[in-house]
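Working through the structure, step by step
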Amino acid sequence: QVQLVESGGGLVQPGGSLRLSCAASGSIFDIYATVEWFRQPPGKQREFLAIITSGGGTGSSDSVKGRFTISRDNTKSTVYLQMNSLKPEDTAVYFCKATKPGGGSVDWGQGTQVTVSS
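Reference entry: report on the structure contained in this document.

How each quantity is defined
Residues numbered from 1 in each chain as written. Predicted model: local features only at pLDDT ≥ 70, side-chain atom pairs only at ≥ 80, totals over all residues. Heavy atoms only, no water. Pairing = 2+ DSSP bridges. Helix = DSSP H or I, 4+ residues; strand = E, 2+ residues; numbered from the N terminus. Axes fitted to C-alpha atoms, helices over the stretch in contact; angles between N-to-C directions. Phe/Tyr/Trp six-rings, centres within 6.5 Å; stacked < 30°, edge-to-face > 60°.

1. Notes on the sheet that holds strand 8 (residues 78-83)
One open sheet holds the four strands; their spatial order is 1-3-8-7, and the pairing between them is antiparallel. A strand with exactly one partner marks an edge of an open sheet, and here the two such strands are strand 1 (4-7) and strand 7 (68-73). Across the sheet, the mean angle from the axis of one strand to that of its neighbour is 15 degrees, orientation sign disregarded. As defined by bridge partners, strand 7 adjoins strand 8 across six bridges and the pair is classed as antiparallel. Paired with R72 across the strands is V79, a residue of strand 8.

2. Focus: the packing of aromatic side chains
Counting across every chain of the model gives three aromatic pairs. Ring geometry for F95 versus W108: centroids 6.3 Å apart, planes at 85 degrees, classification edge-to-face. Placement of F95 in strand 9 (residues 92-99) and of W108 in strand 10 (residues 106-108) is noted, with a sequence separation of 13 residues between them. By the ring-pair criterion, three or more aromatic residues cluster together here, those being F38, F48, F95 and W108.

Geometry only, nothing functional implied.
Shown next, in the form of structure tokens:
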């Protein structure tokens, strides 16, 4: 079974930046059709942030457009989420989700905590 592992979270001051990584134990876009980033703030529902496809297409939620950018490095089998101009309301556990072709099989990572606070 392919594993997804998120990393890069931590404590950052408002206005700061972080880059999250979602690494797969196999060749990520040989296995998956899409990889997405979600977050779940304390006491709230999980929220979609951004998506990247095996073809390189990207999309993002209006709530983070212009601040968050999704990208990939196929050589490292990793998808990134670059987060800039962070705000306290960005505090959440961030997850990556990968979907296999056909949409029938989905894998989630374990999540990484991001805390934005002064």
